[in-house]
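# Overview (structure and organization)
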Amino acid sequence: MNTPIKVLQVGDEMPVLELPPITRTTLALFAGASGDHNPIHIDIDFARKAGMPDVFAHGMLSMAYLGRALTEWVPQRQLMSFGVRFAAVTHLGDRVRCSGKVVEKTERAGRPCVRVDITAAKSTGEITLAGEALIALS
């Protein structure tokens, strides 16, 4: 359900999106859909040789979840920009939780907007992605 954008105010929070635990199937499906077949995400032997205990999620998978959370909250056409920095690894079994909060009203390209701080975090609270989105109000 999309919230009417014109009612967004500083302090408003987007609905939290909580995903099921990351599985090997999740990683295989994302690799196929994204074309990112980096073996560190799908080959346990390769991941172990790289010093990891097992495969782990693509950072872009969590970014895709954040994009989904944003566009379930507001119409995609209002999303002017969306960027993150990668902060931690998401392992098998981790549950991703996407959230965001309006932190500023501003103007870009002559359009009124809000800036939203967004995060993807594990159920432990550890932030794996942090960034912001710019949402047009008109």
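Structural notes, computed from the coordinates. (Residues numbered from 1 in each chain as written. Predicted model: local features only at pLDDT ≥ 70, side-chain atom pairs only at ≥ 80, totals over all residues. Heavy atoms only, no water.)

## Description of the pairing of strand β3 (residues 97-108)
- The pairing of strand β1 (residues 13-18) with β3 spans 4 bridges and is antiparallel. What sits directly across from L17, in β3, is C98.
- Hairpin connection of β3 to strand β4 (residues 111-121): 2 residues between the antiparallel strands, including A109 at a positive phi of 50 degrees. (Pairing = 2+ DSSP bridges. Helix = DSSP H or I, 4+ residues; strand = E, 2+ residues; numbered from the N terminus.)

## Focus: the nonpolar core
- W73, C98 and I135 are the most contacted members of the largest nonpolar core, which totals 31 residues.
- Those elements giving two or more residues to this core turn out to be β1, α1 (24-34), α3 (59-73), β3, β4 and β5 (127-136).
- Counting residues per element, this core draws most heavily on α3, which supplies 7 residues. (Core = buried A, V, L, I, M, F, W, Y, C linked by side-chain atoms within 4.5 Å. Buried < 20%, exposed > 50% of the residue type's maximum accessible area, 1.4 Å probe, protein only.)

## Focus on the side chain of S99
- Assignment of secondary structure puts S99 in strand β3.
- Classification of S99 as buried rests on a relative accessible area of 18%.
- Residues contacting S99, with those up to four places away along its chain left out, are M14, V16, L66, D117, I118 and T119. (Contact = heavy atoms within 4.5 Å.)

## A short note on the pairing of β5
- Within β5, 7 of the 10 residues are buried, which leaves the element mostly enclosed by the surrounding structure.
- Bridge analysis of strand β2 (residues 79-86) against β5 gives 7 bridges, and the strand direction is antiparallel. Directly across from G83, in β5, lies its bridge partner E132.
- Sheet topology note: the β4/β5 ladder contains 9 bridges and is antiparallel. Residue pairing for β5: I118 is matched across the bridge by G131.
- Counted along the chain from β4 to the antiparallel partner β5, the turn is 5 residues long, and its residue G125 has a positive phi close to 100 degrees.

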